[in-house]
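# An overview of the molecular structure
The chain contents come next:
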Amino acid sequence: MTGGRVFDPRAGEFRTADIATIGSKVAKISERISGEAAQVIDCSGKIVTPGLVDMHTHVYDGVFEKAVPAVEAHLRRGVTAVVDAGSFGVSNFDGFRRYIVEESPCRILGFINISSVGLSNMEVSEFASPAAVMKDKTVTTALKHPDIIKGVKVRLSRSQAGDKPLEYLKAALEVGAAIGKPIMVHFGETACPLEAVLSELRPGDILTHAFHGKSEGLLQEGAIHPAAHDARSRGVLFDVGHGTTQLAYAVARAALESGFYPDTVGSDLSLRNWREPAYDLPTVMSKLLALGMPLPKVLSAATSRPAEILGIDVDGFGLLEEGGLASITVFDQLTDPDILPDASDDRLPVKRLEPVVTINYGEEIETTPWRGLNGASVEASGDHGACC
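The rules behind these values
- Residues numbered from 1 in each chain as written.
- Predicted model: local features only at pLDDT ≥ 70, side-chain atom pairs only at ≥ 80, totals over all residues.
- Heavy atoms only, no water.
- Pairing = 2+ DSSP bridges.
- Helix = DSSP H or I, 4+ residues; strand = E, 2+ residues; numbered from the N terminus.
- Phe/Tyr/Trp six-rings, centres within 6.5 Å; stacked < 30°, edge-to-face > 60°.
- Buried < 20%, exposed > 50% of the residue type's maximum accessible area, 1.4 Å probe, protein only.
- Lys NZ or Arg CZ within 6 Å of the ring centre and 35° of its normal.
- Polar contact = N/O pair within 3.5 Å; in protein donor to acceptor, adjacent residues only side chain to side chain.
- Contact = heavy atoms within 4.5 Å.

A separate point is the pairing of strand β3 (residues 25-30). Two strands pair when backbone bridges link them, and strand β2 (residues 13-22) and β3 are joined in this way by five bridges, in the antiparallel orientation. Residue pairing in the sheet places Ile 19 in a bridge with Ile 29 of β3. Here β2 folds back onto β3, and the loop between the two strands holds two residues, one of which, Gly 23, carries a positive phi near 60°.

We now examine the packing of aromatic side chains. Using the criterion set out here, one finds eight aromatic pairs in the structure. The interplanar angle of 45° and the centroid separation of 5.0 Å between the aromatic rings of Phe 7 and Phe 14 together place this pair among those described as tilted. The exposure class assigned to Phe 14 is partly exposed, which follows from its relative accessible area of 26%. Pairing Phe 88 with Phe 93 gives two aromatic rings, centres 5.6 Å apart and planes at 50°, and the pair type is tilted. Under the relative-accessibility criterion, Phe 88 is labelled buried at 0%. Classification of Phe 93 by relative accessible area gives buried; the value is 1%. Here the basic side chain of Arg 5 rests over the ring of Phe 14, its NZ or CZ set 4.5 Å away from the ring centre. The ring of Trp 370 carries Arg 352 above its face, with NZ or CZ at 3.9 Å from the centroid.

On to the side chain of Asn 273. Assignment of secondary structure puts Asn 273 in the loop between α8 (249-257) and α9 (281-290). In this structure the side chain of Asn 273 is engaged in a polar contact, spanning 3.1 Å, whose partner is the backbone oxygen of Asp 268. Beyond its immediate stretch of four places on either side in the chain, Asn 273 contacts Gly 243, Thr 244, Asp 268, Ala 278, Tyr 279 and Cys 388.

The structure is reproduced here in structure tokens:
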């Protein structure tokens, strides 16, 4: 791979370099690599990064009715590792492992839903029966599969948790503590204030949908909520989780202008939003870039940072180093903007990062065209607490 602008997430810097791979490993990174190769890819003028890591998506295809196929939605769009955020619970984890994780060419991890049934459709809450919360069984399964289960997911909006969000939060925290893993909290339009949730979170726990524009959000009188600053100072993490109804440009712009950058850039991709308004992880990254987040921080939040949080950096994900995993994404940064919507149909000109080459375990993966449909409007959703 010759002449690309190679991004080093450890240093947060770019350098023009060639990359040689042998099998599934990076053999050499140097200003100039001579010699013969079975394949040469010209990356001149392009951005070369570690393979992307999506911290928040839904890929339990065939079980959750709105899940996306991991290869088409992610791998063929430059994403080599994904985290399913709660589509599965303890009752259907074996199917997730057998038919999704083990059958996928890309790395798939997950946050197990505190509800044993996980997600199956958008009409019935996973907490329709309190008996669905099976803490002991969830702990046992999570401890048995630490290579896949990287944390616990809980959704606290009224449409899921009703008037008992703190009860379900407590259950998730108990399971998280028992397995030594973080929890990921879906928040917004919740029957308790933001500070009541953030005050309970531990270092490493994750608040997703950080930039939603609903009630009980990140902003208070136009500025970052003091509880959010306090939580970040204690090590609580913030994920974008764009989804269908979970990103408001006005909120994101205010946060970014104040230097409150997300730790990770999860797409919250599903069939509800992969054609609009989220599209895919590179498009969500591009929106943040258009809103003023510096490119090195955007790239780190979609590569090294999620890999570190998940503990898969030790396997080479999120990094681009000699001797490391050949997991690589190459982008063109388009010069002509697309006019893209947020959850409320606010519009923004976005010069997209378009993946043109994906290397997964040393093998080139055919990319698929962008799914965007310019000029369409975001469909109104009657369920504003929906996850995706």
